[in-house]
Amino acid sequence: MSQSSQFISTRGEAPQASFADVLLAGLAPDGGLYMPAAWPHFSAAEIAGFKGKRYQDVAFEILSRFVGDSFTPAELREDIEAAYAGFERPEIAPLSPMSGNRYLLELFHGPTFAFKDIALQILGRLFARALRQRGGKATIVAATSGDTGSAAIAALGGLPNIEVFVLHPKGRVSEVQRRQMTTSGHANVHNIALEGSFDDAQSIVKDLFAQKDFAREVGLTAVNSINFVRIAAQSVYYFTASAALERPATFIVPTGNFGDIFAGEAAERMGLVAKRLVIATNSNDIMARALNEGIYAAGETHHTISPSMDIQMASNFERALFEASGRDAGWTRLAMENFARDRRLDIPEPVLAQLRARYDARSTDDVDTLTTINAIAGTSGRIIDPHTAVAVNALRKLGFREEPMVVLSTAHPAKFADAVTRAIGTPPPMPEGLRRVLDLPEKLEIMPNKLSLIRQFISSRLAG
Ligand SMILES: *Cc1c(COP(=O)(O)O)cnc(C)c1O
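Since the model is a prediction, treat every value here as computed from it, not as a measurement.

Engineer: Hey, could you run me through the sheet that holds strand β8 (residues 189-195) in this one?
Structural biologist: Strands in a sheet are paired, the pairing made by backbone hydrogen bonds, and the direction either parallel or antiparallel. Overall, parallel pairing links the 5 strands, which are arranged β9-β6-β7-β8-β16 in an open sheet. Pairing within the sheet leaves two strands with one partner each, and these edge strands are β9 (220-221) and β16 (445-448). Judged from the 6 bridges that link them, strand β7 (residues 162-169) and β8 form a sheet pairing that is parallel. Paired with F165 across the strands is H190, a residue of β8. The strands touched by helix α8 (residues 198-210) within the sheet are β6 (138-143), β7, β8 and β9, with β6 carrying the most contacts at an inclination of about 150°.

Engineer: Explanation requested: the packing of aromatic side chains in the structure shown.
Structural biologist: Aromatic rings in a pair are described by how distant their centres are and how their planes are angled relative to each other. With the rule as written, the count across this model stands at 18 aromatic pairs. Their ring planes at 90° and their centres at 5.4 Å tell us that Y55 and Y84 sit as a pair that is edge-to-face. A residue pair is termed long-range when its members are at least 10 positions apart, and Y55 in helix α3 (residues 55-67) and Y84 in helix α4 (residues 73-85) qualify at 29 residues. On the basis of relative accessible area, Y55 is assigned to the buried category, the value being 4%.

Engineer: What's the story with the site of the ligand in this structure? I'm lost.
Structural biologist: In the vicinity of the ligand lie 15 residues, with K116, D147, G256, N257 and D260 positioned nearest. In the complex, the protein chains occlude 98% of the 380 Å² of accessible area that the ligand would expose alone. In the shell around the ligand, the residues fall into 5 nonpolar, 7 polar and 3 charged.

Engineer: I would appreciate a short explanation of helix α7 (residues 175-182) in the present structure.
Structural biologist: Side chains of residues three or four places apart in an α-helix project in the same direction, reflecting 3.6 residues per turn. For α7, a buried count of 6 out of 8 residues is recorded, marking the element as mostly surrounded by other parts of the structure. Three or more residues of α7 are buried, namely V176, Q177, R179, Q180, M181 and T182. Packed against the buried residues of α7 are α6 (147-156), β7, β8 and α19 (432-435).

Engineer: Would you take a moment to explain the sheet that holds strand β2 (residues 17-18) for this structure?
Structural biologist: Strand order in this open sheet of 3 strands is β2-β1-β3, and the pairing throughout is antiparallel. Of all strands in the sheet, those bounded by a partner on one side alone are β2 and β3 (34-36). As judged from the 3 bridges shared by strand β1 (residues 6-9) and β3, these two strands associate in the antiparallel manner. Bridge pairing links I8 to M35 in β3.

Engineer: Quick question: what am I supposed to make of unusual backbone geometry here?
Structural biologist: If a residue is not glycine, its phi is most likely negative; likewise, a peptide bond is most likely trans. The backbone of E246 sits at a positive phi, close to 60°, despite the residue not being glycine. On the accessibility criterion, E246 (61% relative accessible area) is exposed. Unlike most non-glycine residues, R327 shows phi in positive territory, near 60°. Along the polypeptide, R327 turns up in the loop between α13 (317-324) and α14 (329-342).

The rules behind the values
Residues numbered from 1 in each chain as written. Predicted model: local features only at pLDDT ≥ 70, side-chain atom pairs only at ≥ 80, totals over all residues. Heavy atoms only, no water. Pairing = 2+ DSSP bridges. Helix = DSSP H or I, 4+ residues; strand = E, 2+ residues; numbered from the N terminus. Contact = heavy atoms within 4.5 Å. Axes fitted to C-alpha atoms, helices over the stretch in contact; angles between N-to-C directions. Phe/Tyr/Trp six-rings, centres within 6.5 Å; stacked < 30°, edge-to-face > 60°. Buried < 20%, exposed > 50% of the residue type's maximum accessible area, 1.4 Å probe, protein only. Near = heavy atom within 4 Å. Areas by Shrake-Rupley, 256 points an atom, 1.4 Å probe, with all protein chains shown as cover. Nonpolar A, V, L, I, M, F, W, Y, C, P; charged D, E, K, R; others polar.

Nothing here speaks to function; it is all geometry.
Laid out in structure tokens, this is it:
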């Protein structure tokens, strides 16, 4: 069995797991995140050969290196084809020129109009398949800052033997985002509006996992970006974009939980050559401060107009720390335990140097986000969403660089119609798929930020 289809935990105290184990479990049993025991490798010629290939075929080549014998090649291919059949653009992730050497990598052409679909449409199908093959039931609990919830519901709603619980921070997601989650009509979907922040919701999910008896009893699973399968699926567009450009590019990535940008590091570790990976944050700038000052410290969450990035604890940063420490699981475990206790981690110099060799970071506040949306609309007529705008503003702050500059465009502007209207004075055009949710009846439960009550709610819905 190839080392890239065996998975280990960043905290070093979990047994090796297969791709299907990782898919179904999400979080490793020692509280760490799964990583391949070794990265698969693609040669420069193989990567260049991705140019002109169908997105689905590149996805197959990359994912098949991780799958091992968890699924047959035919099964993997079938699920990849089905995952992308509903996308609006045949390219799946089209690379759209802006001006000069600047490009937008459009990741929002899936059913819920944000980039989360690219990974979750595959994950949902593989998940249902693994469950059919192994038997049993799964309870998915997802914390969402807005887009993961709807993408998970679109991927998993209505499937047998799966119950989906989605916790979003009450009042902290856009109206369209909330309605996308609460209007699915599927009996297996349960929405909780939590009286707290995204980080509170994420903590509750982590704490539910820590209650081992409960987790085992209900078959608890995470489909948040801590699930490695999402990272693997997201690495694909770094390859397709780089192959299309035929030159090493700098990628500027709107960052919250560090999943999307870590997929870029994953691609690099698989052989992709990129110039820089640029972390673009809103005023929740924990990642920018970690890189620039060497102190990873969580503060209060700020409510911004790019709510999918209103995150203080970037879960996937643990993966980058693990790699930057030379895969030192003992150190990673201690570092994360200290961070959980103190909400602060001083990144040791050698680890920081490794991170800085790969990443840059820039943060952007709401005022500059609005100005950027307005400026791009003025010069090009293109309407971008606030998350994309945070990254475009980071690109402006970087100044001119020779190489292709690729901004990951993570959401359709109509998902954040209020912010876009503030920026340009008129609402963005609303695609039919989003307009639909505005008239459907909503179903959600408003709940206090209390672990025991959430647990009770889950148990009662599973019993009923
Ligand atoms: C989730 C999300 C992000 C942040 O991605 P991470 O993987 O959490 O860093 C950025 N933009 C949008 C629109 C998102 O939905």
